[in-house]
Amino acid sequence: ARVSPSVWVNRVVNALDLENYPSNEVLKTRDPVVTFVSRWDKRIILNEPELISVAKSLGASTRRVIYERTPIEHQVASTLETSVLVGIHGSGLLNSMFLRSGTAEIQISPYGMEGVGIEDVYRTNTELVGAKYYQLNNPREHRNSTVMHWHFAHDLFPQFLSRGVDVVKEEVYTKGSAAVPHDGWRRVLLIQQDSVVDVESFRDMLKEALYSLHEVPDDDTKVTN
């Protein structure tokens, strides 16, 4: 038989001895907590401190976590206390399965990756547990808002750069994913870029996500204590 998300999540929470974490009702009486999923090697949010400052200016408490360097029990505990989970596309956002019903996730999509399906898993995962999903696409008009790791393409797909690095760079910066015809190239090159996130766009989306915390969810399918 297929196990529902809430049953599976509760099993993990109980196995990690985290069942005594505050209930949804208790969390609603506290200031919202915005958790930033940080990365340390690639696909980095280059202006992350600015985004953290935005969250604080909106009255939220903030925390920064690097999940790949964090023990599983601390990952789960951190997410259970999170009101809004924020991060650039990556497996760390799969921790949204431990978000409580009525909370939210903001996934930041690297430049050129919008519309190629990277949101599907994360949207489904988030909405299954009763949280709201938001996606902020890094705009193509901000040429200086991204840092490409060109060595990924050079090492794995040298034919992609056969017309010259400068020519390919110009096409990528003007056409986004359309300039990278092969899915493998797109995944290796575009998805790994470091990004500068538009602060005002982030502020507007975070405001909306924080406001949504006051809405009553239709179905509380999350951890209940």
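Check the entry above for the structure.
On a predicted model such as this, the values are computed, not experimentally measured, just so you know.

> Would you take a moment to explain the environment of threonine 62 for this structure?
The topology assignment puts threonine 62 in strand 2 (residues 61-65). Of the residues examined, threonine 62 reaches a relative accessible area of 24% and is grouped as partly exposed. In the structure, threonine 62 is positioned 30 residues away from proline 32 in sequence and 8.5 Å away in space, judged by C-alpha atoms. In this structure threonine 62 touches Val34, Phe36, Ile52, Ala55 and Lys56, once residues within four positions along its chain are discounted.

> Please explain the packing of aromatic side chains as it appears in this structure.
The geometry of an aromatic ring pair is captured by two quantities: the separation of the ring centres and the angle between the planes. What the rule picks out here adds up to 1 aromatic pair. Between phenylalanine 36 and phenylalanine 202, the aromatic rings sit 6.2 Å apart at their centres with planes inclined by 45°, giving tilted as the arrangement. With a gap of 166 residues between them, phenylalanine 36 in strand 1 (residues 33-37) and phenylalanine 202 in helix 9 (residues 199-212) connect regions that are remote in the sequence.

> Would you take a moment to explain helix 3 (residues 48-57) for this structure?
Residues lying three or four places apart along an α-helix face the same way, a consequence of the helix completing one turn every 3.6 residues. Every buried residue of helix 3 is listed here: Glu48, Leu51, Ile52, Val54 and Ala55. Seen from one end, helix 3 has its buried residues packed into an arc of 155°, which puts them on one side. Those residues of helix 3 that are exposed and angled more than 90 degrees off the buried face are Pro49 and Lys56. Considering only its buried residues, helix 3 is in contact with strand 1, strand 2, strand 4 (104-109) and helix 9. In the stretch just after helix 3, glycine 59 is the one whose phi turns positive, near 90°.

> Just checking my understanding: could you explain the sheet that holds strand 3 (residues 84-88) for this structure?
In a beta sheet, neighbouring strands pair by backbone hydrogen bonds and run either parallel or antiparallel. Ordered by their spatial adjacency, 5 strands build an open sheet running 2-1-3-4-5, and the pairing between neighbours is parallel. In the strand order of this sheet, the two ends are held by strand 2 and strand 5 (132-137), each with one partner. Geometrically, the sheet is characterised by an average inter-axis angle of 20° between neighbouring strands, direction not taken into account. Relative to strand 4, strand 3 runs parallel, the two being bridged by 5 bridges. Residue pairing across strands places isoleucine 88 opposite isoleucine 108, the latter belonging to strand 4. Set on the sheet, helix 9 makes contact with strand 1, strand 3, strand 4 and strand 5; between it and strand 5 the angle comes to about 175°.

> In this structure, what is going on with the side chain of serine 212? I would like to understand it.
When you line up the elements, serine 212 lands in helix 9. When neighbours within four sequence positions are excluded, serine 212 is seen to be in contact with Gly102, Ala104, Lys132 and Tyr134.

> Could you clarify how one ought to interpret the nonpolar core in this entry?
Where a protein is soluble and globular, its nonpolar side chains tend to be buried together. Formed by 23 residues in total, the largest nonpolar core has its most connected members in Val34, Val84, Ile106, Phe202 and Leu206. Counting residues per element, the ones that place at least two in this core are strand 1, helix 3, strand 3, strand 4, strand 5 and helix 9. With 6 residues, helix 9 is the single largest residue contributor to this core. The residues touching isoleucine 106, leaving out its near neighbours within four places in the chain, are Val84, Leu85, Val86, Gly87, Tyr134, Phe202, Met205, Leu206 and Ala209. Membership of the second largest hydrophobic core comes to 10 residues, among which are Val37, Tyr67, Leu93 and Leu99.

Calculation rules
All residue numbers refer to positions counted from 1 along the written sequence of the respective chain. Residue-level local features of this predicted model are given only where pLDDT is at least 70; pairs of side-chain atoms are given and counted only at 80 or more, and the full residue set underlies all totals for whole chains, interfaces and linings. Heavy atoms from the whole structure form the basis of all side-chain values; hydrogens and water molecules are not counted. A run of DSSP states H or I qualifies as a helix once it reaches four residues; a run of E qualifies as a strand once it reaches two. Both are numbered from the N-terminal end. Burial status follows relative accessibility: with a 1.4 Å probe on protein chains alone, a residue under 20% of its type maximum counts as buried, one over 50% as exposed, and anything between as partly exposed. What makes two residues a contact is simply this: any of their non-hydrogen atoms within 4.5 Å. The rule is short: rings of Phe, Tyr and Trp, with Trp giving its six-membered ring, pair when the centres are within 6.5 Å, and they are stacked under 30 degrees, edge-to-face over 60, tilted in between. The arc in question is the one spanned by the directions pointing from the helix axis to the C-beta atoms. Strands were regarded as paired on the criterion that DSSP finds at least two bridges between them. Each axis is a line fitted through C-alpha atoms, taken for helices only over the stretch in contact, and angles between the N-to-C directions span 0 to 180 degrees. For the purposes of this section, nonpolar cores are sets of buried Ala, Val, Leu, Ile, Met, Phe, Trp, Tyr and Cys residues that join through side-chain atoms within 4.5 Å.

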